[in-house]
Amino acid sequence: MLINVILRVLPFWIREPLLIAVSLFFAGLGLYWFAVVGGWQRVVVGLVFLGVAVLRVFVLRREWSSRPRAGQGA
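Residues numbered from 1 in each chain as written. Predicted model: local features only at pLDDT ≥ 70, side-chain atom pairs only at ≥ 80, totals over all residues. Heavy atoms only, no water.

This part is about the overall build of the protein. In terms of regular secondary structure, the protein is built from three helices and zero strands. Tracing the protein from N to C terminus, the helices and strands come up as α-α-α. Rg of the C-alpha trace for the protein: 16 Å, well past the compact-globule value of 11 Å for 74 residues, more than 25% over. Overall size of the protein, expressed as C-alpha extent along the three principal axes, is 55 × 25 × 15 Å. Restricting the contact set of the protein to residue pairs at least 6 apart, pairs at least 24 apart contribute 54%. For the protein, the computed accessible surface area is about 5,900 Å², with 72% contributed by carbon and sulfur atoms. (Helix = DSSP H or I, 4+ residues; strand = E, 2+ residues; numbered from the N terminus. Rg over C-alpha atoms; globule rule 2.2 N^0.38 Å. Contact = heavy atoms within 4.5 Å. Areas by Shrake-Rupley, 256 points an atom, 1.4 Å probe, with all protein chains shown as cover.)

Here it is as structure tokens:
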């Protein structure tokens, strides 16, 4: 798939925030549809995407904190 190639080519610092934003969009969409239409399947989809977004935030935060700062000497 083209999206898979694009995500593999993008650097980590662009790919992760993009995945977080897309996951949060679909989580909000699923939860909004549940509030308007109903149906437990929409809640499950929303919560799954919300879980993916939270997981990616933790991964991004861990990577960010493990990188050495530019101002610190070696």
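What follows covers helix H2 (residues 12-36). The α-helix advances 3.6 residues per turn, and as a result positions three or four apart in sequence lie on the same side. The end-to-end C-alpha separation of H2 is 36 Å, in line with the 36 Å expected for 25 residues at 1.5 Å each. Listing the buried residues of H2 in full gives Phe 12, Glu 16, Ile 20, Ser 23, Ala 27 and Gly 30. Packing partners of the buried residues in H2 comprise helix H3 (40-66). (Expected span 1.5 Å × (residues − 1). Buried < 20%, exposed > 50% of the residue type's maximum accessible area, 1.4 Å probe, protein only.)

This paragraph deals with the pattern of salt bridges. Taken as a whole and judged by the stated rule, the model has two salt bridges. Salt-bridge contacts for Glu 16 lead to Arg 15; the nearest nitrogen and oxygen are separated by 3.8 Å. Across the pair Arg 56 and Glu 16 runs a salt bridge whose closest N-O atoms are separated by 2.7 Å. Of this pair, Arg 56 sits in helix H3 while Glu 16 sits in helix H2, and the two are 40 residues apart along the sequence. Residue Glu 16 is classed as buried on the basis of its relative accessible area of 1%. Here the salt bridges share partners, and the residues they tie into one network are Arg 15, Glu 16 and Arg 56. (Salt bridge = Lys/Arg side-chain N within 4 Å of Asp/Glu carboxyl O.)

Moving on: the environment of Arg 62. Along the polypeptide, Arg 62 turns up in helix H3. Here Arg 62 falls in the exposed class, since its relative accessible area comes to 56%. For the pair Arg 62 and Arg 8, spaced 54 residues apart in sequence, the C-alpha to C-alpha distance is 20 Å.

What follows covers the packing of aromatic side chains. As enumerated under the stated definition, the model contains four aromatic pairs in all. Between Trp 13 and Trp 64 the ring centres are 5.8 Å apart and the planes differ by 40°, which places this aromatic pair in the tilted class. Linking Trp 13 in helix H2 with Trp 64 in helix H3, this pair joins segments that are 51 residues apart in sequence. Ring centres of Phe 25 and Phe 26 lie 5.3 Å apart, and the angle between their planes is 65°; this geometry places the pair in the edge-to-face category. Put simply, the rings of Phe 12, Trp 13 and Trp 64 pair up and form one aromatic cluster. (Phe/Tyr/Trp six-rings, centres within 6.5 Å; stacked < 30°, edge-to-face > 60°.)

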